[in-house]
Amino acid sequence: NAGVTQTPKFRVLKTGQSMTLLCAQDMNHEYMYWYRQDPGMGLRLIHYSVGEGTTAKGEVPDGYNVSRLKKQNFLLGLESAAPSQTSVYFCACAGTDGELFFGEGSRLTVL
Amino acid sequence: GQSLEQPSEVTAVEGAIVQINCTYQTSGFYGLSWYQQHDGGAPTFLSYNALDGLEETGRFSSFLSRSDSYGYLLLQELQMKDSASYFCAVNQAGTALIFGKGTTLSVSS
């Protein structure tokens, strides 16, 4: 039982490159989230999904896209990476009681 | 919009009691959660208050006053391993969880 798995765990990109972060959960939870964490800024919500086929914008959605084609997977895409997107990205899932279960994070550096 | 305010840093000694306050402004408030994060790790759930009052879980307790838009996390019998960042988060409209900027707790011997 892996819980929430994020891939890749580390990535270095050049400005303008694209990439996709994958989040997979085996907890059968409806809700999934993508956060970014920067020093002194806490966790900021990028996008979230309340179920398969649905997505919604969070606090800082610009420059990111998401898809939830399968209940267990939530993808975060960067179409044209910028240095401001250098961050640690956390995926999380939650059931109806609201408790979030986080993945171990993906550390992205954009040069 | 929404905002959460919590102190950026708190220091304490082993065995002491520390309280981390959180005030919030948000629409569609459902409840207040607390998460712990050690350096380099993933945040982990500590507690959740949907109703006014105190929730106790071992050495940790959490309090909520909806009328004051205020809550706190109380950590008792502090241990070195409690050194971490603590985040309050509001459950907004039952779906999205919005986090504060976090409080760094340093416990010394």
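The preceding data block contains the structure.
Draft legend 1. A look at the overall build of chain A. A count of helical and extended segments in chain A gives zero helices and eleven strands. Shown N-terminal to C-terminal, the secondary structure of chain A runs as helices and strands in the order β-β-β-β-β-β-β-β-β-β-β. Here the C-alpha atoms of chain A give a radius of gyration of 13 Å, agreeing with the 13 Å that 2.2 N^0.38 yields for 111 residues. On the principal axes, the C-alpha backbone points of chain A span a range of 40 × 25 × 25 Å. The 111 residues of chain A split such that 48% are buried. A total of about 5300 Å² of accessible surface is found on chain A, and carbon and sulfur atoms cover 53% of it. Put simply, chain A has 10 plus and 10 minus side-chain charges, and the middle of one group is 9 Å from the middle of the other.

Draft legend 2. Layout of the sheet that holds strand β8 (residues 73-78) of chain A. All names here are of chain A. Ordered by their spatial adjacency, four strands build an open sheet running β1-β3-β8-β7, and the pairing between neighbours is antiparallel. Of all the strands in the sheet, just β1 (4-7) and β7 (65-67) have a single pairing partner and so form its edges. The mean inter-strand angle of the sheet, taken between neighbouring strand axes irrespective of direction, is 20°. Of the strand pairs in this sheet, strand β3 (residues 19-25) and β8 are connected by six bridges, and their pairing is antiparallel. Residue pairing across strands places Leu22 opposite Leu75, the latter belonging to β8.

Draft legend 3. Structural view of the interface of chain B and chain A. Opposite the 19 residues of chain B that make contact, chain A presents 21 residues. At the boundary of chain B with chain A, total buried surface from both sides reaches about 1500 Å², with 59% on carbon and sulfur atoms. Summed over the three residues of chain B that lose the most area to chain A, namely B:Thr95, B:Phe99 and B:Lys101, the buried surface amounts to 30% of that side. At the surface where chain B touches chain A, the tally comes to zero salt bridges. Among the elements that take part in the side of chain B that touches chain A, strand β10 (residues 96-99) of chain B stands out by supplying four residues, more than any other. Residues belonging to the side of chain B that touches chain A are distributed by class as follows: ten nonpolar, eight polar and one charged.

Draft legend 4. Geometry of the sheet that holds strand β8 (residues 70-75) of chain B. Residue and element names in this part refer to chain B. Here five strands make up an open sheet; going across it, the order is β1-β3-β8-β7-β6 and the pairing antiparallel. Each edge of the open sheet is held by one strand with a lone partner, namely β1 (3-5) and β6 (53-57). Geometrically, the sheet is characterised by an average inter-axis angle of 15° between neighbouring strands, direction not taken into account. By the bridge criterion, six bridges tie strand β3 (residues 18-25) to β8 in an arrangement that is antiparallel. By the bridge assignment, Asn21 is partnered in β8 with Tyr72.

Draft legend 5. Region of the structure containing unusual backbone geometry. A cis amide bond links A:Thr7 to the next residue, A:Pro8, at an omega of -10°. In this fold, A:Pro8 is placed in the loop between β1 and β2 (10-13). The phi dihedral of B:Glu77 is positive, around 45°, even though this residue is not glycine. The residue B:Glu77 is located in the loop between β8 and β9 (84-92) in this model.

Scoring rules and cut-offs
Residues numbered from 1 in each chain as written. Chains lettered and ligands numbered in written order. Predicted model: local features only at pLDDT ≥ 70, side-chain atom pairs only at ≥ 80, totals over all residues. Heavy atoms only, no water. Helix = DSSP H or I, 4+ residues; strand = E, 2+ residues; numbered from the N terminus. Rg over C-alpha atoms; globule rule 2.2 N^0.38 Å. Buried < 20%, exposed > 50% of the residue type's maximum accessible area, 1.4 Å probe, protein only. Areas by Shrake-Rupley, 256 points an atom, 1.4 Å probe, with all protein chains shown as cover. Lys, Arg positive; Asp, Glu negative; His and termini not counted. Charge placed at Lys NZ, Arg CZ, Asp CG, Glu CD. Pairing = 2+ DSSP bridges. Axes fitted to C-alpha atoms, helices over the stretch in contact; angles between N-to-C directions. Contact = heavy atoms within 4.5 Å. Buried area = accessible area lost by both parts, 1.4 Å probe. Salt bridge = Lys/Arg side-chain N within 4 Å of Asp/Glu carboxyl O. Nonpolar A, V, L, I, M, F, W, Y, C, P; charged D, E, K, R; others polar.

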